[in-house]
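# Secondary and tertiary structure notes
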Amino acid sequence: CAVCAAIALRTGVPAGALLVLVSLSYVVFAAHLGLTLDLKHPNLVWTNELGPIKQSMPVAVMMFGGWVYAAALGVGGYALRNALPAEAYLAIAGTVTAIAAALLRRWLRTKGAESFRTL
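Owing to the predicted nature of the structure, the values given are computational and were not obtained by experimental measurement.

## As for the pattern of salt bridges
In this structure the tally under the stated criterion is 1 salt bridge. Here Glu114 makes a salt bridge to Arg117, at a shortest N to O gap of 2.8 Å. Of this pair, Glu114 and Arg117 both sit in helix α5 (residues 86-117), separated by 3 residues, roughly a single helical turn. Glu114 gets classed as partly exposed once you look at its relative accessible area, which sits at 41%.

So this is what it looks like as structure tokens:
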């Protein structure tokens, strides 16, 4: 989708590559955040398979959180359009998202693994 957006918007190669990298960093961040929320708030009391999938707090947070992230990225880019080039904004957004994903991964490998053992 990011490649199609870069082609449709006729961005340059640097902005197109950063657009793809921001998307990929968000995917990794969302996966780690979803797993973290599931470990913090597990739904272990359910009667069928749809309970933990469709009726849990982590699912709702991830669904609405993705919308908030996309909106914040768009609003931030629009607000800073005169102060910052698009490439710089995408680089900052991608870096912040990647750092957040790395911090969540670190927690998952240490305290998250221990939390999973005690479920």
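## Considering a nonpolar patch on the surface
The grouping of Leu44, Val45, Phe116 and Leu119 at the surface amounts to a nonpolar patch, some 490 Å² of accessible area in total. With respect to the helices, strands and loops of the structure, Leu119 is situated in the segment after α5.

## Let's talk about the packing of helix α4 (residues 57-79) against α5
Two elements in contact, α4 and α5, have axes whose closest approach is 11 Å; the angle formed by their N-to-C orientations is 150°. Accordingly, the angle class assigned to the pair α4 and α5 is roughly antiparallel. When you trace α4 past α5, the crossing you get is right-handed. Contacts from Tyr69, Ala72, Leu73, Gly76 and Gly77 in α4 reach Tyr89, Ala93 and Thr97 in α5. Along the lines of polarity and charge, the residues of the contact of α4 with α5 split into 5 nonpolar, 3 polar and no charged.

## Quick word on the state of the cysteines
Here the structure, examined in full by the defined rule, presents 0 disulfides. Free cysteine Cys1: the closest other cysteine sulfur is in Cys4, separated by 6.6 Å. Given a relative accessible area of 56%, Cys4 falls into the exposed group.

Parameters and conventions
- Residues numbered from 1 in each chain as written.
- Predicted model: local features only at pLDDT ≥ 70, side-chain atom pairs only at ≥ 80, totals over all residues.
- Heavy atoms only, no water.
- Salt bridge = Lys/Arg side-chain N within 4 Å of Asp/Glu carboxyl O.
- Helix = DSSP H or I, 4+ residues; strand = E, 2+ residues; numbered from the N terminus.
- Buried < 20%, exposed > 50% of the residue type's maximum accessible area, 1.4 Å probe, protein only.
- Patch = residues over 30% accessible without salt bridge, like charges linked within 9 Å, V, L, I, M, F, W, Y side chains within 5 Å.
- Areas by Shrake-Rupley, 256 points an atom, 1.4 Å probe, with all protein chains shown as cover.
- Axes fitted to C-alpha atoms, helices over the stretch in contact; angles between N-to-C directions.
- Parallel < 35°, antiparallel > 145°, perpendicular 65-115°, else oblique.
- Left-handed = near helix turned anticlockwise from the far one by under 90°.
- Contact = heavy atoms within 4.5 Å.
- Nonpolar A, V, L, I, M, F, W, Y, C, P; charged D, E, K, R; others polar.
- Disulfide = S-S within 2.5 Å.

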